[in-house]
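Next come the chains, spelled out residue by residue.
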Amino acid sequence: MFDISEEDGRALLVLATILGAGALPFLRRLAFGRRPRRGRRRNAASVALALGRTRRLVLLDAAGAERLLLLGDKTDVVLEADVAAYAGPAEEIAETKPSQLPGLFPLGLVSLLAGVAVGALCGAFRLILDAAERLRAALPGAFEGRPVLGFATMAFGAALAAALAAWLVRRFAPAAVGSGIPHVESVIDGQEPPAPPLLLPVKFVGGVLAIGAGLALGREGPSVQMGATLAHRLGRFFRYDWSGQQSLLAAGAGAGLAAAFSAPLAGAAFVLEELLRRFDMRHATIALGASVGAISVVRLMLGPAPELTVAAHFPTGPLDVPLSLALGAAMGFASLAYNRAILGALDIADRSAWPAEAKAALVGAGVGALGFLAPDLVGGGDVLTQRTLDGAFAFEVLPFVFALRFALGVVSYAAGTPGGLFAPLLALGAEIGLFFGLLIPGEDAAAAGMKFALVGMAAFFAAVVRAPLTGMILITEMTDNSQLLLPMLAACFAAMSIAAAIRNEPIYDALKDRSARLARRAET
């Protein structure tokens, strides 16, 4: 018998999954046989008539069904010659009973397969990021006797990695910039075309370079966009129409989120609450299937342990709900500052005459220098969140840590590299919640701080993203603890109420609108 280590076993599992994915074309040919290529036609614009600077009238030949599209305005018009061939508006008008959903079973099987592929891809992404984080944390110790050389090495290395990530995005896949979630939402809404397959290696490699270098970016953004792209390509591989591809695309995005945080229910909730913003049986089933497949693979690769370690029991009291309401209100105001800072930093970066690679290199150099002096304060935020929940930061230090991470997250997102917002904003929510809990007088301030740190994570997520259900489920699954659902519910209610009252637009809606404005400006 061969003695295989756990790391080697995981590597073999990743290799076997990749080989299995490569065998899909042969399995498909065995299952369906060789189909003639003569009737295969891509969507082609037969007529394109310009109506002013930005509006166009396009006659699109889509697989034998002609579609007349009026493009270039917020209220685009689509006229269908064959309504049955397109399940967009008709899907919303026609009411289908759950027991009469056509084609749900085979689509569910494909979603399960897509989840397995997404889990393997995102699991490998996480393994490489974990290795990069360990290497980054070990470098200051390796240069203990030569601090100047270590400082210069980390600053230069991070600058080079960030610049290369920005170059990959600019040169090969501009849609891979930033989180990618606004792009996925635009594709689902029909405002942008689906990402090409080239996005997968660009997002993977660029995310590893940027997040591995220490930029305050989350792994969930690349995971969501890669999952959506991979599932959509699988839908095209099996020749589904746009309705089936749309379902798989959304489910793949949810599977990516589930794989990023080992949170299957949060992935499914994210699809329904944030991406589609409606509940129907078809999309719910497909989303659950993809999440199941992704989590099954990720837990084989990374283990079943939850993302965060917290106390098994939290002391509860009659003031928990009122205090959570107060904390949620504070989170609503904090979300306004965070969202405006993100958008303002992006505007400043766009106005800069420097090339994208130079801006990313400047941010990377600063992050690398900070990583040599304080390794725990850089990176996506998982280590920082765990340290916050452990009460590792003194009360007097917390405001400094929060201000530093706030600024670091803002400039990192404006660097033009792949990377998400979830993990950094969860770290900020935990810090605000811990500070709030330590302010409460009592015998066990540490327990109160940890409790409100978890509540603060859910509340800040709800205020920034405006997806409270996803936030509460995500924190519950990440900690494997459901005792704080009632305080979380109260805090999320207050956070969303304040955010709505002060007209703080959800961050992904704001980013999507911003991208649309820039696209219209580029056309004129």
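Everything quoted here is computed from the prediction, not taken from an experiment. (Residues numbered from 1 in each chain as written. Predicted model: local features only at pLDDT ≥ 70, side-chain atom pairs only at ≥ 80, totals over all residues. Heavy atoms only, no water.)

Q: Tell me what's going on with the overall build of the protein, and back it up with residues and numbers.
A: Each helix and strand in the protein was counted, giving 20 helices and four strands. Classification of the 524 residues of the protein by burial places 50% in the buried group. In the protein, 76% of the contacts between residues at least 6 apart in sequence involve partners at least 24 apart. A total accessible area of about 24,400 Å² is found for the protein, and carbon and sulfur atoms account for 65% of it. (Helix = DSSP H or I, 4+ residues; strand = E, 2+ residues; numbered from the N terminus. Buried < 20%, exposed > 50% of the residue type's maximum accessible area, 1.4 Å probe, protein only. Contact = heavy atoms within 4.5 Å. Areas by Shrake-Rupley, 256 points an atom, 1.4 Å probe, with all protein chains shown as cover.)

Q: Give a detailed account of the packing of aromatic side chains, specifying residues and quantitative values.
A: Per the stated rule, a full pass over the model turns up twelve aromatic pairs. The interplanar angle of 45° and the centroid separation of 5.9 Å between the aromatic rings of Phe402 and Phe406 together place this pair among those described as tilted. Here the residue Phe402 and the residue Phe406 both occupy positions in helix H15 (residues 398-413), the gap between them amounting to four residues, near one helical turn. With 4.8 Å between their ring centres and 80° between their planes, Phe422 and Phe461 make a pair best called edge-to-face. Taken together, the positions of Phe422 in helix H16 (residues 422-439) and Phe461 in helix H17 (residues 445-465) put the pair 39 residues apart, joining distant regions of the chain. Taking relative accessible area as the criterion, Phe422 reaches 0% and is therefore assigned buried. Aromatic ring contacts, followed pair by pair, group Phe270, Phe422, Phe461 and Tyr508 into a single cluster. The lysine or arginine in question, Arg171, covers the ring of Phe172, its NZ or CZ lying 5.0 Å from the ring centre. (Phe/Tyr/Trp six-rings, centres within 6.5 Å; stacked < 30°, edge-to-face > 60°. Lys NZ or Arg CZ within 6 Å of the ring centre and 35° of its normal.)

Q: Explain the packing of helix H18 (residues 468-479) against helix H19 (residues 485-501) residue by residue, including any values.
A: The N-to-C vectors of H18 and H19 enclose an angle of 145°; their axes lie 10 Å apart at closest approach. For the element pair H18 and H19, the recorded crossing hand is right-handed. Contacts between H18 and H19 involve Pro468, Met472, Ile475 and Thr476 on the former and, on the latter, Leu485, Met488, Leu489, Cys492 and Met496. Taken together, the residues of the contact of H18 with H19 break down into eight nonpolar, one polar and no charged. (Axes fitted to C-alpha atoms, helices over the stretch in contact; angles between N-to-C directions. Left-handed = near helix turned anticlockwise from the far one by under 90°. Nonpolar A, V, L, I, M, F, W, Y, C, P; charged D, E, K, R; others polar.)

Q: Tell me about empty space enclosed by the protein, and please be specific about residues and values.
A: The tally for this structure, following the rule as stated, stands at three cavities of 30 Å³ or more. Roughly 180 Å³ of internal volume is contained in the largest cavity. Lining the largest cavity are 18 residues, and of these Glu133, Ile211, Arg219, Gly380 and Asp382 lie nearest its centre. Mapped onto the lining of the largest cavity, the elements with two or more residues apiece are helix H4 (104-142), helix H7 (199-213) and helix H14 (382-389). Sort the elements by how many residues they give to the lining of the largest cavity and H4 lands first, with four residues. (1 Å grid on protein atoms, 1.4 Å probe; cavity = no way out; pocket = protein on both sides within 12 Å on 5 of 7 lines; lining within 4 Å. Points joined across faces, edges and corners; volume = space filled by probe spheres on them.)

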